[in-house]
Amino acid sequence: AMSEEDKKVDTEKEEEEEELDCSHPDVLNKYQFAGNTANAAIRAVAAECKAGKSIAELCELGDNIINEKLASVYKGKKIEKGIAFPTCTYLNK
């Protein structure tokens with residue numbers, strides 16, 4: 001027979017597994033937000049690709065857009081947030 005502690009652990013595991021399912025609305029919203037944020041950064045960087053702009057400036061612009069969008073959504077929450085994959089680009093000759 002399972003103890004109450006074992007039942008509690010099993011219930012917590014089931015809840016964690018449910019969060020990983022993309023059919024859950026909260027998870028889907030987070031993925032959509034991430035995609036929209038990445039697309040906004042790409043659009044902004046592409047618009048600034050002009051003669052005289054350095055790659056470092058363009059990458060910094062992309063990172064700043066991502067950080068601004070993150071800050072607007074996760075205000076005051078004690079959640080680790082940040083950029084998993086910094087903006088990067090290269091000179092296409």
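Everything below is about the structure shown above.
Treat the numbers as computed from the prediction; the structure is a model and nothing was measured.

Participant: Looking at this structure, I do not really get helix α2 (residues 25-47). What am I missing?
Facilitator: Owing to its 3.6 residues per turn, the α-helix aligns residues three or four sequence positions apart on the same side. If you check α2, its first and last C-alpha atoms are 33 Å apart, about what 23 residues at 1.5 Å a residue would give, namely 33 Å. All buried positions along α2 are accounted for by V27, T37, A40, A41, A44 and V45.

Participant: Any chance you could explain the side chain of D63 here in plain terms?
Facilitator: Secondary-structure assignment places D63 in helix α3 (residues 55-73). K69 is the oppositely charged side chain nearest to the buried, salt-bridge-free D63, at an N-O distance of 14 Å. With residues up to four places along the chain from it excluded, the contact list for D63 reads I83, P86 and T87.

Participant: Could you clarify how one ought to interpret the nonpolar core in this entry?
Facilitator: As a rule of thumb, nonpolar side chains are buried together in soluble globular proteins. Membership of the largest hydrophobic core is limited to seven residues, which are A40, A41, A44, I65, I66, L70 and Y74. Discounting residues that sit within four places of it in the chain, L70 has contacts with F33 and G82.

Participant: For this particular structure, what's the right way to read the state of the cysteines?
Facilitator: Cysteine pairs can be linked by a disulfide, which is a covalent bond between their two sulfur atoms. Throughout the structure, instances matching the rule amount to zero disulfides. Free cysteine C59: the closest other cysteine sulfur is in C88, separated by 6.4 Å. Take C88: its relative accessible area is 67%, and that puts it in the exposed class.

Criteria and cut-off values
- Residues numbered from 1 in each chain as written.
- Predicted model: local features only at pLDDT ≥ 70, side-chain atom pairs only at ≥ 80, totals over all residues.
- Heavy atoms only, no water.
- Helix = DSSP H or I, 4+ residues; strand = E, 2+ residues; numbered from the N terminus.
- Expected span 1.5 Å × (residues − 1).
- Buried < 20%, exposed > 50% of the residue type's maximum accessible area, 1.4 Å probe, protein only.
- Lys, Arg positive; Asp, Glu negative; His and termini not counted.
- Salt bridge = Lys/Arg side-chain N within 4 Å of Asp/Glu carboxyl O.
- Contact = heavy atoms within 4.5 Å.
- Core = buried A, V, L, I, M, F, W, Y, C linked by side-chain atoms within 4.5 Å.
- Disulfide = S-S within 2.5 Å.

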